Amino acid sequence: QHDYLCEIYFLNYFSDKLPVPHIFKIVEPESDFDGAILMEYLHGDLLKTLELNNQLAYEIGSLLAKIHTNKVAGYGDLTHTSLSLDPTSYFTFKFE
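The structure reproduced in this document is the subject of the present report. (Residues numbered from 1 in each chain as written. Predicted model: local features only at pLDDT ≥ 70, side-chain atom pairs only at ≥ 80, totals over all residues. Heavy atoms only, no water.)

## Details of the overall build of the chain
Helix and strand counts for the chain stand at 3 helices and 2 strands. Overall, the chain shows an N-to-C arrangement of helices and strands of α-β-β-α-α. Over its C-alpha trace the chain gives a radius of gyration of 17 Å, far above what one expects of a compact globule, namely 12 Å for 96 residues. The dimensions of the chain, computed from C-alpha atoms along their principal axes, are 40 × 35 × 25 Å. Buried positions account for 11% of the 96 residues belonging to the chain. Across the chain, the fraction of contacts at a sequence separation of at least 24, relative to all contacts at a separation of at least 6, is 36%. Carbon and sulfur atoms provide 59% of the accessible area of the chain, an area that totals close to 8100 Å². (Helix = DSSP H or I, 4+ residues; strand = E, 2+ residues; numbered from the N terminus. Rg over C-alpha atoms; globule rule 2.2 N^0.38 Å. Buried < 20%, exposed > 50% of the residue type's maximum accessible area, 1.4 Å probe, protein only. Contact = heavy atoms within 4.5 Å. Areas by Shrake-Rupley, 256 points an atom, 1.4 Å probe, with all protein chains shown as cover.)

## Things to note about the pattern of salt bridges
Side-chain pairs of opposite charge can arise whenever the charged atoms involved come near each other. Evaluated as defined, the whole model comprises 1 salt bridge. Lys-17 is paired through a salt bridge with Asp-16; the nearest N and O atoms lie 3.1 Å apart. Overall, the relative accessible area of 34% leaves Lys-17 in the partly exposed class. (Salt bridge = Lys/Arg side-chain N within 4 Å of Asp/Glu carboxyl O.)

## With respect to the environment of Leu-47
On the secondary structure map, Leu-47 appears in the loop between β2 (36-39) and α2 (54-68). By relative accessible area, Leu-47 is classed as partly exposed at 41%. Aside from chain neighbours lying at most four places away, what touches Leu-47 is Leu-52, Leu-56 and Ile-60.

If you want it as structure tokens, here you go:
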């Protein structure tokens, strides 16, 4: 369920910032069902190592930089409403 919630959160969050598929419908998870996301199909091909060139590497790096320029006011799991202002508390709890 956590992956499902993260997927929805980030697709919505980046919808006006990056080329991500539009969500048409979501089916919430239940006790015997993991949930589902009906989203737009974005045409593309699996990148092969031999196809990687400087221009494509630059485009990929630019998109990754756009992701990393987005900041939030706290630390923790963004699918929850409360974030901690102290990064050590979240990461200490996560790795105990």
